[in-house]
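Below, each chain spelled out in residue letters.
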Amino acid sequence: QVQLVVSGGGLVQPGGSLRLSCAASGSIFSINAMGWYRQAPWAERELVAAITSGTSTNYADSVKGRFTISRDNAKNTMYLQMNSLKPEDTAVYYCTMNVRSSWNRLRDYWGQGTQVTVSS
């Protein structure tokens, strides 16, 4: 079994900052690519940021320069540092990881999602 637990969401004023964490637990041999998605009620799910097993990263144009994705392989944890938050960043944020959990099992796992609300 592999579980992803997300934390760090909440209510913040425009211009503020939040840091999301996504921690994997269970039977984990290795973790490859990781990513953050978000979905607002009025929009489809959107890729926010992704990071490979190395150091390569990709960001949605809407968050470039404001968000930073990182990973701590020793802790099986991924982070999303969100700065200069805007009301349009309001959404449910989801994490996903590509995990090898046994010699013959490699698949994507998803966290439960966490609400981020940016409002004055």
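Residues numbered from 1 in each chain as written. Predicted model: local features only at pLDDT ≥ 70, side-chain atom pairs only at ≥ 80, totals over all residues. Heavy atoms only, no water.

Caption draft 1: Focus on the overall build of the protein chain. The secondary structure content of the protein chain amounts to zero helices and 11 strands. For the protein chain, the α and β elements follow one another from N to C terminus as β-β-β-β-β-β-β-β-β-β-β. Computed over C-alpha atoms, the radius of gyration of the protein chain comes to 14 Å, within 12% of the 14 Å expected from 2.2 N^0.38 for 120 residues, which places it in the range of a compact globule. C-alpha extents for the protein chain along the principal axes are approximately 50 × 25 × 25 Å. By the burial criterion, 42% of the 120 residues in the protein chain qualify as buried. By sequence separation, contacts in the protein chain at least 24 residues apart represent 53% of the contacts at least 6 residues apart. Put simply, the protein chain shows about 6400 Å² of open surface, and 47% of that area lies on carbon and sulfur atoms. A distance of 8 Å separates the average location of the 11 positive side-chain charges in the protein chain from that of its 7 negative side-chain charges. (Helix = DSSP H or I, 4+ residues; strand = E, 2+ residues; numbered from the N terminus. Rg over C-alpha atoms; globule rule 2.2 N^0.38 Å. Buried < 20%, exposed > 50% of the residue type's maximum accessible area, 1.4 Å probe, protein only. Contact = heavy atoms within 4.5 Å. Areas by Shrake-Rupley, 256 points an atom, 1.4 Å probe, with all protein chains shown as cover. Lys, Arg positive; Asp, Glu negative; His and termini not counted. Charge placed at Lys NZ, Arg CZ, Asp CG, Glu CD.)

Caption draft 2: Inspection of the pairing of strand 9 (residues 91-102) at higher detail. Summarising burial for strand 9: 10 of the 12 residues are buried, a large majority. Relative to strand 11 (residues 114-118), strand 9 is paired through three bridges, and the arrangement is antiparallel. When the sheet's bridge partners are listed, Ala91 is paired in strand 11 with Val116. Between strand 9 and the antiparallel strand that follows it, strand 10 (residues 105-110), lie two residues. (Pairing = 2+ DSSP bridges.)

Caption draft 3: The pattern of salt bridges, seen in detail. Taken as a whole, this structure holds four salt bridges when the rule is applied. Across the pair Asp61 and Lys64 runs a salt bridge whose closest N-O atoms are separated by 3.0 Å. Note on Asp61: relative accessible area 65%, which makes it exposed. The closest approach of N and O atoms between Asp89 and Arg66, which form a salt bridge, is 2.8 Å. With a gap of 23 residues between them, Asp89 in the loop between strand 8 (77-82) and strand 9 and Arg66 in the loop between strand 6 (57-59) and strand 7 (67-72) connect regions that are remote in the sequence. Neither Asp89 nor Arg66 differs from the other in exposure class; each is buried. (Salt bridge = Lys/Arg side-chain N within 4 Å of Asp/Glu carboxyl O.)

Caption draft 4: The arrangement of the sheet that holds strand 8 in detail. Strand order in the open sheet made by the four strands is 1-3-8-7, with antiparallel pairing throughout. The strands lining the two open edges of the sheet, one partner per strand, are strand 1 (2-7) and strand 7. Averaged over all pairs of adjacent strands, the angle between strand axes in this sheet comes to 15°, irrespective of strand direction. Sheet analysis places strand 7 next to strand 8, joined by six bridges and oriented antiparallel. When the bridges of strand 8 are listed, Phe67 appears paired with Met82. (Axes fitted to C-alpha atoms, helices over the stretch in contact; angles between N-to-C directions.)

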